[in-house]
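Coordinate inspection notes
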Amino acid sequence: FTSAEIIVEGAKKDSVPLELVQDYEVIAKQTLKDRTFSEIGKIAIRLATKKLTENIVAEQNPNLGALVGLFNAITEKTDTRNWQTLPNQIYYARIPVTGVTTKVVLKTSSPEGKQVEKELTVSSKYRINFLTYNTHQIIRSN
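Rules of the game
Residues numbered from 1 in each chain as written. Predicted model: local features only at pLDDT ≥ 70, side-chain atom pairs only at ≥ 80, totals over all residues. Heavy atoms only, no water. Helix = DSSP H or I, 4+ residues; strand = E, 2+ residues; numbered from the N terminus. Contact = heavy atoms within 4.5 Å. Expected span 1.5 Å × (residues − 1). Buried < 20%, exposed > 50% of the residue type's maximum accessible area, 1.4 Å probe, protein only. Arc of directions from axis to C-beta. Patch = residues over 30% accessible without salt bridge, like charges linked within 9 Å, V, L, I, M, F, W, Y side chains within 5 Å. Areas by Shrake-Rupley, 256 points an atom, 1.4 Å probe, with all protein chains shown as cover. Salt bridge = Lys/Arg side-chain N within 4 Å of Asp/Glu carboxyl O. Pairing = 2+ DSSP bridges.

1. A look at the side chain of K50
Its location among the elements puts K50 in helix 1 (residues 24-60). Those residues in contact with K50 that sit more than four places away from it in its chain are N72, T75 and E76.

Shown next as structure tokens:
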């Protein structure tokens, strides 16, 4: 969404704006930039060490060298950590609750202008309530 607000049932104000708490896209890009050369260096050293070990063993025993090569291929794995599992941005709003339960409506607008409303119920039974609402966009490459 490009904008969002919370409308509180029976409140004096019309709506409560959401505030940006964290923008992970900025952090992800900076982390990738900071770690690129370090990660490439670690991968190169690891692969060179494995290949050197394989060649030394193969000179003494070709069958054992082939076995070491097979072991090296099996134990080499891709880095599967993924920033896509984190939210792009986190927003929040603080809403004072006066009744036993209060209904709130989260109203979001997409870049295309489509509006989505989600009704949520907040209970004053608990001192602090955390209500989460997730949106996600699937990006497909052709």
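2. A closer look at helix 2 (residues 62-75)
Look at helix 2: 20 Å from first C-alpha to last across 14 residues, which is about the 20 Å you get at 1.5 Å a residue. Among all positions in helix 2, only G65, V68, G69 and N72 are buried. One side of helix 2 carries all its buried residues, which in axial view fall inside an arc of 100°. Of the exposed residues in helix 2, those oriented more than 90 degrees away from the buried face are N63, A66, L67, F71 and I74. Packing partners of the buried residues in helix 2 comprise helix 1.

3. Quick look at a nonpolar patch on the surface
Nonpolar side chains collect at one region of the surface, where L64, L67, L70 and I74 lie side by side and expose about 410 Å² of accessible area between them. For L64, the position within the fold is in helix 2. Note on L64: relative accessible area 42%, which makes it partly exposed.

4. A few points about the pattern of salt bridges
Overall, the coordinates contain six salt bridges when judged by the stated rule. Measuring nitrogen to oxygen at the nearest pair gives 3.4 Å for the salt bridge that ties K29 to E25. Residue K29 and its partner E25 are both found in helix 1; the two are separated by four residues, about one turn of the helix. Judged by its relative accessible area of 55%, K29 is exposed. Judged by relative accessible area, E25 falls into the partly exposed class, the value being 37%. For K50, the salt bridge identified is with E76, shortest N-O distance 3.0 Å. Residue K50 is located in helix 1, and its partner E76 is located in the loop between helix 2 and strand 4 (89-92); the two are separated by 26 residues in the primary sequence. Residue classification places K50 among the buried positions, given a relative accessible area of 18%. Each of R46, K50 and E76 takes part in one network of salt bridges that share partners.

5. With respect to the sheet that holds strand 1 (residues 3-8)
Across the sheet, which stays open at both edges, the four strands sit in the order 2-1-5-6 with antiparallel pairing between neighbours. Edge positions in the sheet fall to strand 2 (16-17) and strand 6 (115-123), since each has one partner strand and no second.

6. Let's talk about the pairing of strand 5 (residues 101-109)
Bridge count for strand 1 against strand 5 is six bridges, and the pairing is antiparallel. Across the sheet, the residue bridging to A4 is T108, located in strand 5. Relative to strand 6, strand 5 is paired through nine bridges, and the arrangement is antiparallel. Bridge pairing in strand 6 links T108 to V116. Connecting strand 5 to the antiparallel partner strand 6 that follows it, the hairpin turn spans five residues, and G113 within it adopts a positive phi of roughly 95°.

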